Amino acid sequence: MRVGVGVLVRNRGRVAIAAALAAAVGLAVAGMASHASGAVGGLLKVRLGGDNQQTRLVVDLDRAASGKLISDGLADGHAVLLLPTVSAAGGLQGAGQGLVKAWAFEQTPAGARLQLDLSPDAKIKGRFLLPPADGVDHYRYVVDVVSQPGGVRLTSTKSSVSAVALKLRPEIAPARATPVALKKVIVIDPGHGGHDPGALGAQGYEKDVNLAAALALKARLERQGRYRVVLTRDDDTYVPLAERVRIAQGAGADLFISLHSDSGPDATVRGASVYTLSEKASNRAARFVKQDDWFMKASLTGDRGVQDILFDLTQRATKNRSAVFAQTLVARIEGKAPLLRRSQRDAGFMVLLAPDVPAVLLEMGFVTNPEDEQFLRDPLKRSQLMNAVGDSVDDYFAQATRLASR
Ligand SMILES: [Zn+2]
């Protein structure tokens, strides 16, 4: 059942990639044209990226701005957003992409009014302002549109009403689009599952080790009551990679931790590794193809065209945060994990491609190495390792809080 869904999603994704690439070329031209005209103050251009699962609209601005959501679009397919301090004199409109069929800016007495025509079951999920950073010299107001198919309309009226009533304020920081959660949300992703068993060791499959470790980490993180923990799977089920990313984004993840166990042809090779996302993702991922075919799938299904547009915007900041977490993780598991083999190498794993969620992938050790496998199969040692991972999560948020208060 789940397999069928996964295949369907992937096929739709391929079509969307082609559309996204085509649109990207057109967008660059359209963007330059509106920029050159200079007719609109504040508003530089509008760009779109993404596919039929998630679409991102970026409004390039020459100054900071706040936005007010009038309608998230789920009720009738028309999303409306007001940017009171922005001028859209002369108007601006364009063709859509992905879930956005068309968009139009018009000037009203209350400010620039953005209307989006959305696909059925699509809605504005979040918005945020990105200040100039990472080589971009202007502000960007980002609007994320997601698809929520299947029975969502039952609650749609309620959610869109509450969104308006709350008058969601944009966050002035490289922040997540979701409202600030009281508890930090940690998404744990046990690699593989179901008909995708992962690596094979002498005592069994990788997927079972990954799940057991994920459950141990969940227990550790929930002990203090400081975190809300979401698993991408909590049983032996196959979950497509793209779905794992969507789970993280849908949960409003503050941190994403993917747990895997390594394998290789040489039984003497052992040790844990920590990965974060790389610019040269596809090249590096290809090098690990032989070790774990899950990686191959990850690198091959990476939507390069979409990534370039969609992920470029927030990824650099996110990557920095991922690297910070990777450092704390390495420091904590040193001596507790099976002999750290590589650390903080980069790779283009699909599960690490959520654009605004810091993410790392931890290879806990080699199931093809007897000592490592013994370690990973030992519930006590596994728990100790996961406790150390939990400590690194504490470190990471303590550090983030310190930086924010500077
Ligand atoms: Zn794996």
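Higher on the page you've got the structure.
Residues numbered from 1 in each chain as written. Predicted model: local features only at pLDDT ≥ 70, side-chain atom pairs only at ≥ 80, totals over all residues. Heavy atoms only, no water.

Q: How do you make sense of the overall build of the chain when you look at a structure like this?
A: A tally of helices and strands in the chain yields nine helices and 17 strands. The buried share of the chain, reckoned over its 406 residues, is 54%. In the chain, 73% of the contacts between residues at least 6 apart in sequence involve partners at least 24 apart. Total accessible area computed for the chain in this model is approximately 17500 Å², and 56% of it derives from carbon and sulfur atoms. (Helix = DSSP H or I, 4+ residues; strand = E, 2+ residues; numbered from the N terminus. Buried < 20%, exposed > 50% of the residue type's maximum accessible area, 1.4 Å probe, protein only. Contact = heavy atoms within 4.5 Å. Areas by Shrake-Rupley, 256 points an atom, 1.4 Å probe, with all protein chains shown as cover.)

Q: So what exactly am I meant to see when it comes to the sheet that holds strand 5 (residues 92-97) here?
A: Strand pairing within a sheet occurs via backbone hydrogen bonds; the two strands may be parallel or antiparallel. Strand order in the open sheet formed by five strands is 3-4-7-6-5, and the pairing between neighbours is antiparallel. With one partner strand each, in any of the chains shown, strand 3 (68-71) and strand 5 form the two edges of the open sheet. On average, each strand axis in the sheet is tilted by 20° relative to the strand beside it, whichever way the strands run. (Pairing = 2+ DSSP bridges. Axes fitted to C-alpha atoms, helices over the stretch in contact; angles between N-to-C directions.)

Q: Would you explain the packing of aromatic side chains in this entry?
A: We describe a pair of aromatic rings using the distance from one ring centre to the other and the angle between the two ring planes. Following the criterion strictly, the structure yields four aromatic pairs and no others. When the centroid spacing of 6.5 Å and the interplanar angle of 75° are considered together, the rings of Trp103 and Phe105 count as edge-to-face. Centroid distance Tyr227 to Phe397: 5.9 Å. Interplanar angle 40°. Geometry classified as tilted. Placement of the pair is Tyr227 in strand 13 (residues 227-231) and Phe397 in helix 9 (residues 379-404), with a sequence separation of 170 residues. For Tyr227, a relative accessible area of 4% gives the class buried. Counting every residue linked through ring pairs, the aromatic cluster contains Tyr227, Phe325, Tyr396 and Phe397. (Phe/Tyr/Trp six-rings, centres within 6.5 Å; stacked < 30°, edge-to-face > 60°.)

Q: Is there a simple way to explain the side chain of Thr55 in this structure?
A: Residue position: Thr55 is located in strand 2 (residues 54-61). For Thr55, a relative accessible area of 0% translates into the label buried. Looking at Thr55, its side chain comes within polar contact range of the main-chain nitrogen of Leu99, at 2.8 Å. Those residues in contact with Thr55 that sit more than four places away from it in its chain are Leu48, Gly49, Gly50, Gln97, Gly98, Leu99, Val100, Val143, Asp144 and Val145. (Polar contact = N/O pair within 3.5 Å; in protein donor to acceptor, adjacent residues only side chain to side chain.)

Q: Please explain the sheet that holds strand 1 (residues 43-50) as it appears in this structure.
A: Strand order in the open sheet formed by four strands is 1-2-9-8, and the pairing between neighbours is antiparallel. Among the strands making up the open sheet, the edge pair consists of strand 1 and strand 8 (122-130). Each strand axis lies, on average, 15° off the axis of its neighbour in the sheet, ignoring direction. In this structure, strand 1 lies alongside strand 2, joined through seven bridges in antiparallel fashion. Each bridged residue has a counterpart across the sheet, and for Leu48 the counterpart in strand 2 is Leu57.

Q: What should I look at first to understand the pattern of salt bridges in this one?
A: When the charged atoms of two side chains with opposite charge come close together, those side chains can pair. Within this structure, the stated rule accounts for eleven salt bridges. In this structure, Asp189 engages Arg244 in a salt bridge whose closest nitrogen and oxygen atoms are separated by 2.7 Å. Of the two residues, Asp189 is situated in strand 10 (residues 184-190) and Arg244 in helix 4 (residues 241-250); the sequence distance between them amounts to 55 residues. Among the salt bridges present, the one from Arg226 reaches Asp394, with a minimum N-O distance of 3.5 Å. Taken together, the residues span a long stretch of sequence, with Arg226 in the loop between helix 3 (206-223) and strand 13 and Asp394 in helix 9 at a distance of 168 residues. (Salt bridge = Lys/Arg side-chain N within 4 Å of Asp/Glu carboxyl O.)

Q: Sorry if this is basic, but what is going on with unusual backbone geometry here?
A: Apart from glycine, the bulk of residues carry a negative phi angle, and the bulk of peptide bonds sit in the trans form. The residue Asp121 is not glycine, and still its phi comes out positive at about 70°. Residue position: Asp121 is located in the loop between strand 7 (111-118) and strand 8. By relative accessible area, which is 21% here, Asp121 ends up partly exposed. For His192, which is not glycine, the phi dihedral falls at a positive 65°. Tracing the sequence through the fold places His192 in the loop between strand 10 and strand 11 (200-201).

Q: I tried to follow the environment of Val269 on my own but got confused; where do I start?
A: One can find Val269 in the loop between strand 14 (255-262) and strand 15 (273-276). Through-space distance from the C-alpha of Val269 to that of Gly365 is 9.4 Å; in sequence the pair is 96 residues apart.

Q: What is the right way to read the environment of Gln327 from this model?
A: Summarising the element assignment, Gln327 is placed in helix 7 (residues 304-333). For Gln327, a relative accessible area of 46% translates into the label partly exposed. A C-alpha to C-alpha distance of 9.0 Å links Gln327 and Val274, two positions 53 residues apart in sequence.

Q: Please explain the pairing of strand 2 as it appears in this structure.
A: Every other side chain in a regular strand lies on the same face of the sheet, so the side chains alternate between the two faces. Within strand 2, eight of the eight residues are buried, which leaves it mostly tucked inside the rest of the structure. Burial of the side chains of strand 2 extends over both faces: Gln54, Arg56, Val58 and Asp60 are buried on one face and Thr55, Leu57, Val59 and Leu61 on the other. Following strand 1, the chain reverses through three residues before pairing antiparallel with strand 2. By the bridge criterion, eight bridges tie strand 2 to strand 9 (residues 139-147) in an arrangement that is antiparallel.

Q: So what exactly am I meant to see when it comes to the pairing of strand 7 here?
A: Sheet analysis places strand 4 (residues 78-83) next to strand 7, joined by six bridges and oriented antiparallel. Residue pairing for strand 7: Ala79 is matched across the bridge by Leu116. Bridging between strand 6 (residues 100-108) and strand 7 involves eight bridges; their strand directions are antiparallel. Within strand 7, the position partnered with Ala104 by the bridge is Gln115. In this structure, the hairpin formed by strand 6 and strand 7 is closed by a connection of two residues.

Q: Any chance you could explain the nonpolar core here in plain terms?
A: One recurring pattern in soluble globular proteins is that nonpolar side chains are buried together. With 36 residues, the main nonpolar core has Ile257, Leu259 and Met386 as its most contacted residues. Looking at this core, the elements with two or more residues in it are strand 10, helix 3, strand 13, strand 14, helix 7, strand 17 (359-366), helix 8 (370-377) and helix 9. Ranked by residues supplied to this core, first place goes to helix 9 with seven residues. Those residues within four positions of Ile257 in sequence are excluded, and the remaining contacts are Ile186, Val187, Ile188, Asp189, Leu217, Phe325, Val360, Val389 and Val393. Residues Ala79, Leu99, Val100 and Leu114 belong to the second largest nonpolar core, which totals 28 residues. (Core = buried A, V, L, I, M, F, W, Y, C linked by side-chain atoms within 4.5 Å.)

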